[in-house]
Amino acid sequence: MLYFSPWRTALIWLAVFVGILYALPNVLPSTTLQSFPGFIPQSKLSLGLDLQGGVHLQLKLDRQELIDNRLESVRNEVRRLLRAEGIGYTGLSGRDQAVSVRIRDEANIDRAKEVLAPITEPISAGLLGGGIVREASLSEPETGLLRVQITDSGLDYRMTQAVAQTVEVIRGRVDELGTTEPVIQRQGEDRVIVQVPGLDDPQRLKEIIGTTARLTFQMVDATTPVEDALNSRPPAGTEILYSTDDPPIPYLLETREIVTGENLEDAQAAFDQRTNEPIVNFRFDSSGGQRFGRATQDNVGRPFAIVLDNQVISAPVIREPILGGSGQISGNFTVDGANDLAILLRAGALPLTPTFVEERTVGPSLGADAIAAGEIAGIIGSVLVVAFMFLAYGFLGLIANVALIINVVMVIAILSGIGATLTLPGIAGIVLTVGMAVDSNVLIFERIREERLGGRSMIQAIDTGFQRALTTIVDANVTTLIAAVILFYLGSGPIRGFAVTLAVGIVTTVFTAFILTRWLIAFWVRRRKPKELPRAPVTFVPYGTQIKFMWLRRMAFTLSAVVVVISMALFATVNMNLGIDFKGGSLIEVQSREGDANIGDMRGRLSDLNLGDVQIQGFGSARDVLIRVEAQGGGENAEQTVITKVRGELEADYEFRRVEVVGPTVSGELARAGTIAVVAALFAILVYIWLRFEWQFAIGAIIATTHDVLLTIGMFVITGLEFNLSSIAAILTIVGYSLNDTVVVYDRVRENLRRYKKKTLPDLLDMSMNQTLPRTILTSVTTLLALLALFFFGGEVLRSFVAAMIFGVLIGTYSSIFVAAPLLILFNLRPDALDRESDEKDATANTQPVDL
């Protein structure tokens with residue numbers, strides 16, 4: 001029906017109006033927005049780190065360190081409890097997850113169990129998961145030997161606590177840096193994600209958040225010369241720590257802590273009034289001030305050490321009691337060093353030492369370049385698609401372009417409304433949406449043309465065209481939506497941004513193509529009362545084509561089989577150019593500060609750093625260079641050492657525009673997640689098509705899609721393009737696009753199977769291919785126009801992603817015609833199968849008893 005009631009019209013344009021309101025803040029300056037009424041949306045689309053610059057860090061907390069800390073804590077508690085009750089013991093030790101102690105007198109065993117019972121009492125997990133947690137259990141494996149076993153559930157509880165505390169401590173430290181809108185959040189069981197947009201000093205951020213910052217005040221043991229302790233063993237109750245001097249100075253300290261950083265109330269950087277050197281003034285809370293006062297009162301004339309993370313910052317002599325609860329720390333600080341130490345002390349200590357397992361840094365200049373490249377690619381792609389639609393459909397093309405513009409506006413509006421972050425792959429998703437959104441309009445317009453050529457009146461042709469195109473539009477978009485959803489749940493970082501953009505684009509495409517375009521055409525028909533459809537300036541596919549596609553099926557099958565085998569053979573024998581996302585290592589993009597980059601000089605300077613395989617190549621302009629360093633194999637921290645060394649060597653001559661570091665843990669996880677994503681997408685789409693079509697269609701669609709995926713992988717092997725996380729996104733998008741194309745073809749085949757019962761299957765498939773050929777070519781061309789704009793103007797970072805997409809569009813178009821359709825002949829799909837199934841259902845329904 002082309003009739004739209006007033007309320008439906010109002011709802012349609014209300015949705016469009018709301019979309020414009022939500023998108024408007026993205027193009028207006030902030031000063032203008034402030035003058036708007038309060039009910040007008042003010043939120044703008046947030047830019048990802050790859051567009052505005054900034055730092056993305058993923059930290060991992062070590063479970064083994066947690067176990068060691070718990071063993072030490074339980075061991076100390078056992079010692080304290082037994083000593084307090086005067087129970088003799090021996091062999092107190094901790095190993096694996098258990099603390100063992102042997103009671104000397106068997107008569108004290110039961111009493112010792114009672115004394116140690118509080119250690120095993122359950123505790124409430126509260127807001128960290130609820131329920132009751134028993135952190136330890138007590139057993140007696142042999143007479144007199146007591147064992148306190150630390151439970152896994154207790155360790156999980158402590159790790160949850162540690163991650164939550166780490167998030168809060170890091171947030172406090174990052175907030176002190178004055179950055180805007182940092183993101184600090186938990187990920188998984190033992191990870192923390194830190195994203196700080198606009199930061200231009202990633203090294204300082206890593207030092208700020210990677211320092212444990214455990215501050216203690218301990219007395220220096222002057223009874224034993226430190227040299228004697230070094231040559232033998234430190235006396236009981238003492239330890240040897242070194243200073244931060246160069247060379248470091250050893251100190252023999254009492255292990256007893258007078259007071260810790262937990263008792264600090266404030267810490268501020270300042271200057272010493274006598275020497276004018278940077279210092280840190282601190283103030284204890286009342287409890288810490290009292291303990292510090294008593295300790296200094298009892299130890300006048302003795303030195304005490306100020307220790308930060310097991311390093312002695314300074315060891316002054318107590319000249320007089322310090323009763324005011326405040327003091328100062330001096331230690332050859334720079335101004336920034338004093339400020340950073342004050343920040344660390346105010347924010348508190350981290351419960352566990354974090355390890356950096358992933359780092360991605362984008363400099364502000366590269367972010368600005370990425371925005372400019374994305375805008376240019378988007379404008380050029382949109383102009384090409386708009387011009388092409390006008391050439392292909394004339395006035396109907398103009399209607400489609402209006403719907404297309406509103407589609408993009410609504411995508412931006414929804415992304416702004418849900419608080420999504422726009423990344424560089426997200427821009428690619430928008431440009432791809434522009435290309436693919438045309439597909440629905442092409443389907444509708446081609447259907448209308450067919451119905452009109454079949455003898456229907458204008459009104460009937462338009463109405464029937466929309467109705468018959470709806471099923472195909474839904475099926476085609478649902479398959480792509482499945483790929484986008486799986487990509488969102490299994491992807492990470494910018495790839496999730498791409499998935500969100502693509503999914504939102506699919507939803508808005510269905511609205512603008514089927515509802516808004518229908519309203520616009522209905523309005524045009526009512527006002528103009530046309531007798532014929534508008535003529536197109538250019539006919540790209542002549543009407544009535546009768547290409548014998550099925551005659552070529554044997555050659556096409558042979559060609560596809562040979563190419564797939566070659567692709568797999570190359571994949572098995574030739575090493576794919578895996579990016580650091582999958583094999584670990586470091587990737588650094590630098591730009592010469594003056595003149596062109598000297599790659600030969602850089603290669604020589606970096607070869608002296610003993611970093612293993614270092615690849616250096618030009619990237620974009622003559623000033624830009626891309627440096628790849630292989631995984632170091634020394635654990636997570638070894639990768640961070642690479643960046644420190646390369647920065648120290650090149651930072652004076654080159655600007656670091658992008659840094660990506662992926663440790664072995666994350667690279668393995670990404671590879672596993674990428675494989676699961678592709679397999680899960682194929683399986684989910686198989687289930688959907690099986691439910692919507694017959695089994696022959698489902699198997700044919702999966703085989704054709706697998707064919708496209710394998711050939712795309714072969715393309716990466718042959719061309720040597722880097723295969724990274726974006727490549728997984730490209731493959732999943734190709735899966736969606738290829739299935740989109742295949743479903744459109746299969747939908748027409750299914751319709752013709754019901755309509756033409758006497759046709760042979762090859763003839764019926766040829767007819768279906770020719771009927772959908774205009775849509776296939778027009779959709780492919782519009783998508784390719786958008787992708788080519790991205791390829792040539794979207795910047796180097798997206799080039800491998802877009803190259804895979806271009807190849808996927810071409811191979812997906814080929815497979816939908818020459819692989820997916822001929823497979824139905826191979827599976828012996830009979831033209832009367834659908835009709836027989838329909839008749840059986842009708843007969844069953846008619847013979848059912850009607851007793852109610």
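Details of the structure are given in the entry above.
> Where do I start with the sheet that holds strand β14 (residues 264–271) in this structure?
Across a sheet, paired strands are connected by hydrogen bonds in the backbone, their directions being either parallel or antiparallel. Spatially, the three strands line up as an open sheet ordered β14-β15-β18, and their pairing is antiparallel. Two strands lie at the open edges of the sheet, namely β14 and β18 (326–329), each paired on one side alone. Ignoring which end each strand starts from, the neighbouring axes of this sheet average 25° apart. Where β14 and strand β15 (residues 278–284) come together, seven bridges link them in antiparallel fashion. What sits directly across from F271, in β15, is P278. Against the sheet, helix α10 (residues 335–347) touches β14, β15 and β18, its axis set at about 175° to β14.

> It is not clear to me how the sheet that holds strand β24 (residues 654–662) should be interpreted in this structure. Could you clarify?
If you walk across this open sheet you meet the eight strands as β9-β10-β2-β19-β24-β21-β23-β22, and the pairing is antiparallel. Strands with a single pairing partner mark the edges of an open sheet, and in this sheet they are β9 (183–187) and β22 (614–619). When the angles between neighbouring strand axes are averaged without regard to direction, this sheet yields 20°. In this sheet, β24 lies alongside strand β19 (residues 354–362) in antiparallel orientation, the contact comprising five bridges. Counted as the bridge partner of V362 is R658 from β24. Along the sheet face, helix α7 (residues 202–210) touches β2 (54–61), β10 (191–197) and β19 and points at about 155° away from the line of β19.

> Quick question: what am I supposed to make of the pattern of salt bridges here?
Enumeration over the complete set of coordinates arrives at 40 salt bridges. Of the charged contacts, one joins E722 and R628 as a salt bridge, the two residues approaching to 2.4 Å between their closest N and O atoms. Of this pair, E722 sits in the loop between α21 (695–719) and α22 (725–755) while R628 sits in strand β23 (residues 621–629); the two residues are 94 residues apart in sequence, bridging distant segments of the chain. Comparing E722 with R628, the two get one shared label, buried.

> It is not clear to me how the layout of surface pockets should be interpreted in this structure. Could you clarify?
In this approach a probe as big as a water molecule rolls over the atoms, and the regions it shows empty are the leftover space. What the second largest pocket holds in volume is close to 1200 Å³. Lining the second largest pocket are 39 residues, with N69, R214, E262, L350 and P351 positioned closest to its centre. Elements represented by at least two residues in the lining of the second largest pocket include exactly α4 (63–84), α6 (152–176), β11 (215–220), β12 (238–243), β13 (250–260) and α10. With eight residues, the top contributor of residues to the lining of the second largest pocket is α4. Taken together, the residues of the lining of the second largest pocket sort by class into 15 nonpolar, 14 polar and ten charged.

> Sorry, what's going on with the packing of aromatic side chains here?
How two aromatic rings sit relative to each other is set out by the distance from centre to centre and by the angle between their planes. Enumeration according to the criterion identifies 20 aromatic pairs in this entry. A centroid spacing of 5.4 Å and a plane angle of 50° characterise the contact between F217 and F282, whose relative ring orientation is tilted. Here F217, found in strand β11, pairs with F282, found in strand β15; they are 65 residues apart in sequence, far enough to count as distant. Take F217 and F282: they sit in the same class, and that class is buried. Among the aromatic residues, ring-to-ring pairing joins F217, F282, F284, F292 and F304 into one connected group.

> What should I look at first to understand the pairing of β23 in this one?
Remark: a regular strand shows side chains that alternate across the two faces of the sheet. As judged from the six bridges shared by strand β21 (residues 585–592) and β23, these two strands associate in the antiparallel manner. The residue of β23 that forms the bridge with L587 is R628. When β22 meets β23, the two strands line up antiparallel, connected through six bridges. Its bridge partner lying in β23, G618 is registered against V625. Counted along the chain from β22 to the antiparallel partner β23, the turn is one residue long, and its residue G620 has a positive phi close to 80°.

> It is not clear to me how the side chain of T772 should be interpreted in this structure. Could you clarify?
As for its placement among the helices and strands, T772 is situated in helix α23 (residues 761–793). A relative accessible area of 6% places T772 in the buried class. Within polar-contact distance, the side chain of T772 engages the backbone oxygen of S768 at 3.0 Å. With near-sequence residues (within four places) excluded, T772 lies in contact with V744, V745 and R748.

> Can you walk me through the side chain of E451 in this structure?
Turning to its location among the elements, E451 is positioned in helix α13 (residues 424–453). Accessibility expressed as a relative area gives 8% for E451, which makes it buried. Contacts of E451, omitting those with residues within four sequence positions, involve R456, A461, T464, G465 and R468.

> Is there a simple way to think about unusual backbone geometry in this case?
What you tend to see is this: most non-glycine residues have negative phi, and most peptide bonds are trans. Residue D96 is not a glycine yet carries a positive backbone phi of 55°. In this structure D96 comes out as exposed when scored by relative accessible area, which is 61%. You will see that D309, though not glycine, has its phi angle at about 50°, which is positive. Along the chain, D309 falls in the loop between β16 (304–308) and β17 (311–314).

> I keep staring at the pairing of strand β3 (residues 89–95) and nothing clicks. Help me out?
Inspection of the sheet shows β3 paired to strand β4 (residues 98–103) by five bridges, in the antiparallel sense. Each bridged residue has a counterpart across the sheet, and for S93 the counterpart in β4 is S100. The antiparallel pairing of β3 with β4 creates a hairpin that spans two residues between the two strands, and D96 there sits at a positive phi of about 55°.

> Would you take a moment to explain the environment of V809 for this structure?
Here V809 is to be found in helix α24 (residues 799–826). Under the relative-accessibility criterion, V809 is labelled buried at 1%. Once residues within four sequence positions are removed from consideration, V809 is found in contact with Y737, S780, T783, L784 and L787.

Reading guide: rules and limits
- Residues numbered from 1 in each chain as written.
- Predicted model: local features only at pLDDT ≥ 70, side-chain atom pairs only at ≥ 80, totals over all residues.
- Heavy atoms only, no water.
- Pairing = 2+ DSSP bridges.
- Helix = DSSP H or I, 4+ residues; strand = E, 2+ residues; numbered from the N terminus.
- Axes fitted to C-alpha atoms, helices over the stretch in contact; angles between N-to-C directions.
- Contact = heavy atoms within 4.5 Å.
- Salt bridge = Lys/Arg side-chain N within 4 Å of Asp/Glu carboxyl O.
- Buried < 20%, exposed > 50% of the residue type's maximum accessible area, 1.4 Å probe, protein only.
- 1 Å grid on protein atoms, 1.4 Å probe; cavity = no way out; pocket = protein on both sides within 12 Å on 5 of 7 lines; lining within 4 Å.
- Points joined across faces, edges and corners; volume = space filled by probe spheres on them.
- Nonpolar A, V, L, I, M, F, W, Y, C, P; charged D, E, K, R; others polar.
- Phe/Tyr/Trp six-rings, centres within 6.5 Å; stacked < 30°, edge-to-face > 60°.
- Polar contact = N/O pair within 3.5 Å; in protein donor to acceptor, adjacent residues only side chain to side chain.

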